[in-house]
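Letter by letter, the chains look like this.
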Amino acid sequence: MTKSPPRLQQRFRNTIYQHHYSIRTEQTYWHWIKRFLYFHHKQHPEKLAAGDIEDFLTHLAVDRQVAPATQNIAFNALMFLYNKVLRIEMIGIQAKRAKKRVNIPMVFTRGEVSQVIANLPADYQIMASLLYGSGLRLCECLRLRIKDLDFDQNTITVRQGKGNKDRVTLLPPNLIPKLRDSILLSKSVFAHDMSLHYAGATMPYALARKYPHSQRSFSWQFLFPSTRLCIDARTGELKRHHIHHSVLQKAVRKAVRVAGIHKPASCHTFRHSFATHLLEQGTDLRTIQELLGHQDVTTTEIYTHVIGRHTTGVKSPLEGLVQAAK
């Protein structure tokens, strides 16, 4: 009896594993693939053509009015589906693109940073302090493992950041005592898991197979472990992951409200504030670019607009009217 071919989702998942994409990328891509299939009344993608992709992307831009970055993610998901999973080459896709907007980042003042962190629960203060003090993205902070901290050099190594790139950033020395406390807490959680013979920490890509003992090594444990164990979607083993990103997001939003700050602020506002305050201190753009992990310095240049560097020394014409009236 011949086996039936694997279903589309299983083919997609197998291809994702082969290319070592993260769980989060897998979830995001599958979300947009499903949206695409529902848009075309659940037809199999092999029956659809380039024009159908264009119709969907245009729908996102015109009808849904999504941001350019969102439309690009949907486009990348569909290109992965066709080029990698189905092995159908799709080139020359012409769709109405979402209009790119240049938004000035929202930043905290230094006083607001202190207020928000002070209004966070004690367990989350160290995480927010790293977002601001090291310029980390939320997921980069939560994915930190014990081995990524270097107290001698006062550095943090960010593994598989945006674009799957590693980088080194600052570790503020005044956070070291609290980080040592976090390590001790993580160590107690680790000891408990090992006593019950759990599989250890979730591991990136195929490292658990390549280094089978690493997931049970303390250096590979998460700095901020989850309070609950979870089933690893790729191995079926009971493991310890890091805390969920929504936990810190909700805590920060509440802390902003309690502090009486009327800004649309989020966890990412700490990272914007890190870059802006470094620029105000006279740090050069190239250094800030490296610390943030930006591929292009033009991305970093947006922070010059935040501090008004391009308008330094320019006086409003209203001042001339006031002086003439005197």
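Residues numbered from 1 in each chain as written. Predicted model: local features only at pLDDT ≥ 70, side-chain atom pairs only at ≥ 80, totals over all residues. Heavy atoms only, no water.

Turning our attention to the pairing of strand E2 (residues 155-158). A regular strand places its side chains on the two faces of the sheet in alternate fashion. Pairing geometry for strand E1 (residues 149-150) and E2, over 2 bridges, is antiparallel. Across the sheet, the residue bridging to Asp-150 is Thr-155, located in E2. Between E1 and E2, which pair antiparallel and follow one another directly, the connecting turn spans 4 residues, one of which, Asn-154, has a positive phi of 55 degrees. Pairing analysis gives 4 bridges linking E2 to strand E3 (residues 167-170), with the strands arranged antiparallel. What sits directly across from Thr-157, in E3, is Val-168. (Pairing = 2+ DSSP bridges. Helix = DSSP H or I, 4+ residues; strand = E, 2+ residues; numbered from the N terminus.)

On inspection of all chains with the given rule, the structure shows 10 aromatic pairs. Note on Phe-12 and Phe-80: the rings are 5.9 Å apart at their centroids and 85 degrees apart in plane angle, and the pair reads as edge-to-face. Of this pair, Phe-12 sits in helix H1 (residues 8-18) while Phe-80 sits in helix H4 (residues 68-85), and the two are 68 residues apart along the sequence. Both residues of the pair, Phe-12 and Phe-80, count as buried. Residues Phe-36 and Phe-56 carry aromatic rings whose centres are separated by 5.6 Å and whose planes lie at 70 degrees to one another, so their mutual orientation is edge-to-face. Residue Phe-36 is located in helix H2 (residues 23-39), and its partner Phe-56 is located in helix H3 (residues 50-62); the two are separated by 20 residues in the primary sequence. Judged by its relative accessible area of 0%, Phe-36 falls in the buried class. (Phe/Tyr/Trp six-rings, centres within 6.5 Å; stacked < 30°, edge-to-face > 60°. Buried < 20%, exposed > 50% of the residue type's maximum accessible area, 1.4 Å probe, protein only.)

Okay, the nonpolar core next. Judged by nonpolar contacts, the single largest core of 41 residues is most densely connected at Met-127, Leu-130, Leu-149, Leu-179, Leu-223 and Phe-270. Elements with a minimum of two residues in this core: helix H5 (110-118), helix H6 (122-134), helix H7 (138-142), E2, helix H8 (176-195), helix H10 (245-258) and helix H11 (267-280). Among residues more than four places away in sequence, those in contact with Leu-130 are Gly-135, Leu-136, Cys-141, Leu-144, Ile-156, Leu-175, Leu-179 and Phe-224. In this structure, Leu-8, Ile-16, Trp-32 and Ala-77 belong to the second largest nonpolar core, which totals 27 residues. (Core = buried A, V, L, I, M, F, W, Y, C linked by side-chain atoms within 4.5 Å. Contact = heavy atoms within 4.5 Å.)

Moving on, we come to the sheet that holds E3. With antiparallel pairing, 3 strands are arranged side by side in an open sheet as E1-E2-E3. Sheet topology places E1 and E3 at the edges, where each strand pairs with a single neighbour.

Quick look at H4 now. Along an α-helix, residues three or four positions apart point the same way, because every turn accommodates 3.6 residues. Taking 1.5 Å of rise per residue, 18 residues should cover 26 Å, and H4 covers 25 Å from first to last C-alpha, within 8% of that figure. Of the residues making up H4, those classed as buried are Pro-68, Gln-71, Ala-74, Ala-77, Leu-78, Met-79, Phe-80, Leu-81, Tyr-82 and Val-85. Of the surrounding elements, those touching the buried residues of H4 are H1, H2 and H3. Once H4 finishes, Arg-87 follows within two positions and takes phi at roughly 60 degrees, a positive value. (Expected span 1.5 Å × (residues − 1).)

Taken domain by domain, the protein consists of domain 1 (8-86) and domain 2 (110-306). On the domain 2 side, the residues contacting the 8 residues of domain 1 number 6 residues. For the domain 1 and domain 2 pair, buried surface summed over both sides reaches about 600 Å², with 52% attributable to carbon and sulfur atoms. The largest share of the area that domain 1 buries against domain 2 comes from Tyr-17, His-20 and Arg-24, three residues that together contribute 72% of it. Our count for the contact surface shared by domain 1 and domain 2 stands at 0 salt bridges. Across the domain 1-domain 2 interface, the total number found is 0 residue pairs in polar contact (both at pLDDT 80 or more). At the level of secondary structure, the elements contributing two or more residues to the side of domain 1 that touches domain 2 comprise H1 and H2. Take the side of domain 1 that touches domain 2: its biggest share by element is 3 residues, from H2. Looking at side-chain class alone, the side of domain 1 that touches domain 2 contains 4 nonpolar, 2 polar and 2 charged residues. (Domains from an automatic or database assignment. Buried area = accessible area lost by both parts, 1.4 Å probe. Salt bridge = Lys/Arg side-chain N within 4 Å of Asp/Glu carboxyl O. Polar contact = N/O pair within 3.5 Å; in protein donor to acceptor, adjacent residues only side chain to side chain. Nonpolar A, V, L, I, M, F, W, Y, C, P; charged D, E, K, R; others polar.)

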